[in-house]
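Breakdown of the fold
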Amino acid sequence: MIRDYFQDALQTFNGGNWYGWKKEDSEGNKIPNDQRMTYANIEIIKEGATMPTQDEVNAKIEEIKQAEADKETKRASAKSKLEALGLTTEEIKEAFGI
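The notes below deal with the structure included here. Worth saying up front: this structure is predicted, and the values here are computed from it rather than measured. (Residues numbered from 1 in each chain as written. Predicted model: local features only at pLDDT ≥ 70, side-chain atom pairs only at ≥ 80, totals over all residues. Heavy atoms only, no water.)

The next point concerns the pattern of salt bridges. Applying the stated rule across the entire model yields three salt bridges. One salt bridge in this structure joins Arg3 and Glu68, with 2.5 Å as the shortest N-O distance. Placement of Arg3 in the segment before helix H1 (5-11) and of Glu68 in helix H3 (residues 54-84) is noted, with a sequence separation of 65 residues between them. Given the relative accessible area of 39%, Arg3 is considered partly exposed. The class for Glu68 is partly exposed, based on a relative accessible area of 28%. (Salt bridge = Lys/Arg side-chain N within 4 Å of Asp/Glu carboxyl O. Helix = DSSP H or I, 4+ residues; strand = E, 2+ residues; numbered from the N terminus. Buried < 20%, exposed > 50% of the residue type's maximum accessible area, 1.4 Å probe, protein only.)

Right under this line is the structure:
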């Protein structure tokens, strides 16, 4: 499954579930489904929610990606340390899921 960083980032603003996607452009033309999920087509659906800037959304995407990369680095480090203590790859996987 491919992670949708864009929507993950949007969910961090305004307490989540604050947005939807426009179905028509400003001229009333239908926006094809495969083109709706873009920053330009975000529609606020939660009262009191504010629209984050595109730069804020992009920064949040990078923050999420970096946190994911850091997690993988820590996981690899933990696995190598356990192997250095003499555990086999199979034992590490069974005991720790890594």
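Structure's up, so let's keep going.
With that settled, the discussion passes to the side chain of Arg36. As for its placement among the helices and strands, Arg36 is situated in helix H2 (residues 33-36). Nearest to the buried, unbridged Arg36 among oppositely charged side chains is Glu43, at 6.7 Å. Of the polar contacts made by the side chain of Arg36, one reaches the backbone oxygen of Lys22; its length is 3.0 Å. For Arg36, the residues in contact, after removing those within four places along its chain, are Trp21, Lys22, Lys23, Ile31 and Asn41. (Lys, Arg positive; Asp, Glu negative; His and termini not counted. Polar contact = N/O pair within 3.5 Å; in protein donor to acceptor, adjacent residues only side chain to side chain. Contact = heavy atoms within 4.5 Å.)

Further remarks concern the packing of aromatic side chains. For the coordinates displayed, the defined rule picks out three aromatic pairs. Considering the side-chain rings of Tyr19 and Trp21, the 5.4 Å spacing of their centres and the 75° angle between planes classify their relative orientation as edge-to-face. By the burial criterion, Tyr19 is buried, and Trp21 matches it. The structure contains a cluster of three or more aromatic residues connected by ring pairs, namely Phe6, Trp18, Tyr19 and Trp21. (Phe/Tyr/Trp six-rings, centres within 6.5 Å; stacked < 30°, edge-to-face > 60°.)

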